[in-house]
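Next come the chains, spelled out residue by residue.
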2 protein chains.
Amino acid sequence: MTREDNRSRPATDRVGTICRALRRAIIEQALEPGAKLPEDALGERFGVSRTIARHALGQLAAEGLVELRRNRIAVVATPSWQVARDAFDIRIELERLVVRQLAGRLTKAQIAELHAHVDAEDEARNGPDAISIRLATEFHILLASMTESPILIRYVSEIAYRCCLTLSLFSRPHSSECAINEHRLLIDALAKGDAEAVMALMHHHLDSVASRALVAQTRPRGRDIMDILAPYAEPPRAARAKAVG
Amino acid sequence: MTREDNRSRPATDRVGTICRALRRAIIEQALEPGAKLPEDALGERFGVSRTIARHALGQLAAEGLVELRRNRIAVVATPSWQVARDAFDIRIELERLVVRQLAGRLTKAQIAELHAHVDAEDEARNGPDAISIRLATEFHILLASMTESPILIRYVSEIAYRCCLTLSLFSRPHSSECAINEHRLLIDALAKGDAEAVMALMHHHLDSVASRALVAQTRPRGRDIMDILAPYAEPPRAARAKAVG
DNA sequence: GGCATGTAAAGTGCATACAGTTTAACCTCT
DNA sequence: AGAGGTTAAACTGTATGCACTTTACATGCC
């Protein structure tokens with residue numbers, strides 16, 4: 001049905017295609033955290049062999065969107081609250097860097113592009129949550145891409161996707177109105193060119209997004225029984241183990 | 001000859017092993033930027049099939065240590081000056097975050113571990129450059145790993161390796177003495193616990209490492225003819241294309 | 001009914017085979 | 001000898017096959 005058109009791009013790299021598709025499906029919650037991603041199924045779906053599907057999964061795992069355990073089916077990542085908190089902390093620093101580099105340096109065309117994007121966010125406001133979350137995320141990626149610093153672009157994209165995944169996991173009905181307004185404020189401040197001001201603005205923006213979503217260890221919505229029951233299980237008197245990746 | 005012992009670890013993941021080996025070879029300049037990495041050769045060297053070697057290369061490419069172009073042999077990455085500059089900028093922010101989280105929170109054991117590492121750096125001071133660069137890099141990674149924030153650890157490691165690669169490319173004889181001293185100062189400041197102070201220290205440290213290495217567009221040492229000749233070629237009147245990754 | 005156990009199905013880990021592409025060698029013609 | 005073209009070798013891209021592991025199910029025992 002939605003078979004990727006192989007001829008659209010001559011020698012196109014198919015693992016990239018699959019990655020993009022999965023990335024999008026994940027952040028739109030078409031694939032919820034914990035969802036299984038068997039290589040066979042992916043391969044069939046995209047009309048490639050397991051080899052390619054597997055490679056794509058490896059890529060996504062490196063980005064933190066997918067969890068890969070030996071001999072087990074790959075699943076969409078389920079970030080813990082702590083990891084989510086860390087991610088936002090790092091994200092704040094990275095995006096401060098983005099706007100610092102961008103302040104006062106945007107062309108008219110770029111500013112228009114940003115405004116257009118926010119307009120799109122506005123229109124999607126009443127649509128499904130997943131879409132507006134995705135658009136909000138893509139706003140930040142768009143911003144990052146304007147730095148033309150490949151590393152920064154990659155890091156911001158990656159961590160923004162992860163935060164996006166987190167938002168879909170933890171957040172309540174999700175009030176995006178204020179976020180959209182904050183995006184507009186950011187654009188204006190960028191145009192005006194006061195680096196310090198726009199850095200502060202970005203800091204505040206991300207901070208409030210994070211706290212709207214992560215208010216005091218909201219337990220993730222449903223999904224894995226062990227996780228839900230974790231807070232009810234008696235901790236065996238020892239300090240909780242420091243399990244990291 | 002040095003065939004990896006398959007039985008040493010029962011089900012160990014071999015692509016990880018290869019990644020570690022290559023990473024180390026790269027940052028020690030056993031493999032110089034531009035060096036070819038054919039899948040066959042790697043496979044044979046590590047006693048695995050191309051499948052595995054290829055996967056490892058994909059991983060390394062995602063980390064920016066290897067360049068992968070379609071249908072071409074993978075090569076060790078040759079970061080441009082601009083990318084190197086960007087990398088250091090980002091690194092500074094990330095490592096400021098590291099020490100902010102660590103200031104005043106290190107255990108005695110951890111402090112001892114850090115000191116021990118710097119001692120090792122000291123001993124290697126008169127050895128080959130590559131080794132002391134590697135040790136200096138690993139100091140920062142060790143620091144990051146103490147945050148126990150998986151994301152931060154990954155990002156700092158990754159970017160530190162990339163910077164390390166850059167250093168080996170651009171830097172002159174490399175004066176590591178001062179860097180070592182700065183490491184000691186950092187440890188002391190961390191122990192003392194003044195977050196602001198230690199952030200400033202880290203900032204200054206990385207800044208001076210970067211500028212020692214990257215003073216005004218030092219052209220990379222040798223290697224690729226096209227690169228060397230680039231500044232001598234008449235730019236064809238048009239603004240130079242903005243080629244990014 | 002509940003629990004253990006064995007067995008088939010599903011899935012991953014990895015090597016290998018083959019097709020297509022790039023690179024290098026060689027050969028020819030001037 | 002040098003330029004250009006032609007063929008072989010070297011590699012990569014991808015599919016497929018087989019062995020091993022995990023998971024799900026059904027069967028049997030209590």
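So, how was this worked out
Residues numbered from 1 in each chain as written. Chains lettered and ligands numbered in written order. Predicted model: local features only at pLDDT ≥ 70, side-chain atom pairs only at ≥ 80, totals over all residues. Heavy atoms only, no water. Contact = heavy atoms within 4.5 Å. Buried area = accessible area lost by both parts, 1.4 Å probe. Salt bridge = Lys/Arg side-chain N within 4 Å of Asp/Glu carboxyl O. Polar contact = N/O pair within 3.5 Å; in protein donor to acceptor, adjacent residues only side chain to side chain. Helix = DSSP H or I, 4+ residues; strand = E, 2+ residues; numbered from the N terminus. Nonpolar A, V, L, I, M, F, W, Y, C, P; charged D, E, K, R; others polar. Pairing = 2+ DSSP bridges. Domains from an automatic or database assignment.

Caption draft 1: Region of interest: the interface of chain B and chain A. The interface is formed by 31 residues belonging to chain B together with 33 residues belonging to chain A. Carbon and sulfur atoms make up 59% of the area that chain B and chain A hide from each other, which totals about 2,800 Å². Our count for the contact surface shared by chain B and chain A stands at 4 salt bridges. Put simply, arginine 154 of chain B and glutamate 158 of chain A hold a salt bridge, and the shortest N to O gap is 2.2 Å. Counting across the chain B and chain A interface gives 8 residue pairs in polar contact (both at pLDDT 80 or more). Elements with a minimum of two residues in the side of chain B that touches chain A: helix H3 (50-63), helix H4 (81-102) and helix H7 (150-170) of chain B. No other element matches H4 of chain B, which puts 9 residues into the side of chain B that touches chain A. In the side of chain B that touches chain A, the residues fall into 13 nonpolar, 5 polar and 13 charged.

Caption draft 2: Inspection of the sheet that holds strand S1 (residues 36-37) of chain A at higher detail. Residue and element names in this part refer to chain A. The strand order across the open sheet built from 3 strands is S1-S3-S2, with neighbouring strands paired in antiparallel fashion. The open sheet has two edge strands, S1 and strand S2 (66-67), and neither has a second partner. Pairing geometry for S2 and strand S3 (residues 74-76), over 2 bridges, is antiparallel. Pairing of valine 66 across the sheet is with valine 76, part of S3.

Caption draft 3: Looking closely at the domain arrangement of chain A. All names here are of chain A. Segmentation of chain A into domains returns domain 1 (14-76) and domain 2 (81-217). One C-alpha centre belongs to domain 1, the other to domain 2; they are set 25 Å apart. With 12 residues of domain 1 in contact, the opposing surface of domain 2 contributes 10 residues. Among the residues domain 1 hides against domain 2, the three largest losses belong to Ile27, Glu28 and Gln29. Together they make up 47% of the total. Seen at the junction of domain 1 and domain 2, the total is 1 salt bridge. For glutamate 28, the salt bridge goes to arginine 134, with nearest N and O atoms at 2.4 Å. Of all the secondary structure elements, the ones that give two or more residues to the side of domain 1 that touches domain 2 are helix H1 (14-27) and helix H3 (50-63). When residues of the side of domain 1 that touches domain 2 are assigned to their parent elements, the largest contribution, 4 residues, is made by H1.

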